[in-house]
Amino acid sequence: MKQSAPKTILCIHDLSGIGRCSLSMAIPVLAAMGHQPVALPTVVLSSHTGGLGEPARQTLSSYGISALEHYKELGMEFDCIYSGYLASSEDQALVERAFTLWPDALKVVDPVLADHGKFYKGMESQLEGMHNLCSKADLILPNLTEACLLLNRPYPEGNFTPEEAQALADELANAFGGAVLTGLPMEKHLACAGSYQRSRFVVKRLRIDRSYPGTGDLFASVLIGAMLRGNAVSAAADAAAGFVCEAIQNTDSSAQPALGVWFEPLLGRLCERN
Ligand code: PXL
């Protein structure tokens with residue numbers, strides 16, 4: 001992959017202490033890829049909400065808006081604004097505000113809402129706002145469950161053909177701008193499909209039958225880091241899918257899945273791959 005000047009990325013997500021997801025993945029991944037990530041936590045949680053009990057929670061209310069004002073006063077320019085888990089309409093409005101303040105930034109929304117056909121805890125009420133936010137993005141990164149929710153259709157059973165995968169990515173791109181859709185089951189593979197500007201592609205990896213929270217955040221962070229290095233979105237998706245597989249393979253299969261994938265020892269690979 002190509003090396004280019006470091007880019008500045010405003011990352012708007014929760015900060016979860018344990019469970020390897022959101023800001024605790026985006027920041028090290030983007031930094032390892034040579035960029036300057038700027039962390040804007042929307043809420044501080046002791047863990048993510050997927051299987052580690054009831055997390056302690058500190059909402060940050062007006063912090064986000066004040067932080068945006070500070071960055072504007074400083075004359076900061078962001079090359080990209082990247083949002084993930086947003087647990088309230090205020091947090092969604094914060095991302096919209098950032099989009100308005102930095103209209104030239106690449107606007108990427110990972111509509112973190114659900115997986116495996118089910119909403120994450122408490123996220124049902126965020127669908128409408130997330131739909132609206134996605135319509136303001138340049139690129140959205142839903143998994144299959146989120147894509148179905150955004151398109152208001154039932155979660156499909158069974159495998160996809162590459163043509164069906166491409167058609168679904170095109171449909172999302174027509175509705176929202178560009179899209180890279182992840183977690184598509186194919187016979188022996190798991191695939192992602194993209195439709196962004198003039199690029200249309202399907203990327204496949206042999207399916208690993210192990211599931212972890214946070215892999216969507218890992219995929220999105222590597223994809224964004226690679227795109228901002230000047231790579232085509234298809235090459236960036238290929239790199240992201242590959243890194244997620246490596247991180248799963250690097251995770252001891254007896255470890256508690258809710259603690260996420262052991263990506264930290266592999267960060268050096270992201271520095272090396274230019
Ligand atoms: O990785 C998705 C994610 C991010 N942040 C929080 C979550 C989840 C998924 O459960 O709970 C707080």
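Conventions used here
- Residues numbered from 1 in each chain as written.
- Predicted model: local features only at pLDDT ≥ 70, side-chain atom pairs only at ≥ 80, totals over all residues.
- Heavy atoms only, no water.
- Buried < 20%, exposed > 50% of the residue type's maximum accessible area, 1.4 Å probe, protein only.
- Helix = DSSP H or I, 4+ residues; strand = E, 2+ residues; numbered from the N terminus.
- Arc of directions from axis to C-beta.
- Near = heavy atom within 4 Å.
- Polar contact = N/O pair within 3.5 Å; in protein donor to acceptor, adjacent residues only side chain to side chain.
- Areas by Shrake-Rupley, 256 points an atom, 1.4 Å probe, with all protein chains shown as cover.
- Pairing = 2+ DSSP bridges.
- Right-handed = clockwise from strand over helix to strand, strands pointing away.
- UniProt positions renumbered as here; feature names shortened; annotations may be inferred.
- Salt bridge = Lys/Arg side-chain N within 4 Å of Asp/Glu carboxyl O.

**Things to note about helix α2 (residues 63-73)**
Then comes step 1: Those residues of α2 that fall on the buried side of the exposure criterion are Gly64, Ala67, Leu68 and Tyr71. For α2, the angular spread of the buried residues around the axis is 100 degrees, confining them to a single face.
Then comes step 2: Glycine 75 occupies a position one or two residues after α2 and carries a positive phi of about 75 degrees.

**A short note on the site of the ligand**
Then comes step 1: Residues in contact with the ligand, as listed here, are Asp14, Ser16, Cys21, Ser22, Leu45, His48, Thr49, Tyr85, Val112, Tyr120, Gly214 and Asp217.
Then comes step 2: Threonine 49 is positioned with one of its side-chain polar atoms (N or O) 2.6 Å from an oxygen atom of the ligand.
Then comes step 3: At a separation of 2.7 Å, an oxygen atom of the ligand approaches a polar side-chain atom of aspartate 217.
Then comes step 4: Look at the ligand: alone it shows 320 Å² of surface, and the protein chains cover 97% of it.

**Overview of the pairing of strand β1 (residues 8-18)**
Then comes step 1: Within β1, 8 of the 11 residues are buried, leaving the element largely enclosed by the surrounding structure.
Then comes step 2: Relative to strand β2 (residues 36-47), β1 runs parallel, the two sharing 9 bridges. The partner of histidine 13 across the bridge, within β2, is proline 41.
Then comes step 3: With helix α1 (residues 23-32) bridging β1 and the parallel β2, this β-α-β connection has right-handed handedness.
Then comes step 4: Relative to strand β4 (residues 80-83), β1 runs parallel, the two sharing 4 bridges. Looking across to β4, one finds that leucine 10 is bridged to isoleucine 81.

**Digging into the UniProt feature "domain: Pyridoxamine kinase/Phosphomethylpyrimidine kinase" (unreviewed entry) in the protein chain**
Then comes step 1: Feature annotation in UniProt assigns "domain: Pyridoxamine kinase/Phosphomethylpyrimidine kinase" (unreviewed entry) to the following positions: residues 76-251.
Then comes step 2: Spanning residues 76-251, this segment combines 42% helix with 22% strand, and its end C-alpha atoms are found 38 Å apart.

**Thoughts on the pattern of salt bridges**
Then comes step 1: Counting across every chain of the model gives 8 salt bridges.
Then comes step 2: Between lysine 107 and aspartate 138 there is a salt bridge whose closest N-O contact spans 3.9 Å. A residue pair is termed long-range when its members are at least 10 positions apart, and lysine 107 in strand β5 (residues 106-109) and aspartate 138 in the loop between α4 (127-134) and β8 (139-140) qualify at 31 residues.
Then comes step 3: For lysine 107, a relative accessible area of 14% gives the class buried.
Then comes step 4: Assessed through its relative accessible area of 28%, aspartate 138 is described here as partly exposed.
Then comes step 5: Between aspartate 238 and arginine 205 there is a salt bridge; the shortest N-O distance is 3.2 Å. Of this pair, aspartate 238 sits in helix α8 (residues 233-249) while arginine 205 sits in strand β11 (residues 199-206); the two residues are 33 residues apart in sequence, bridging distant segments of the chain.

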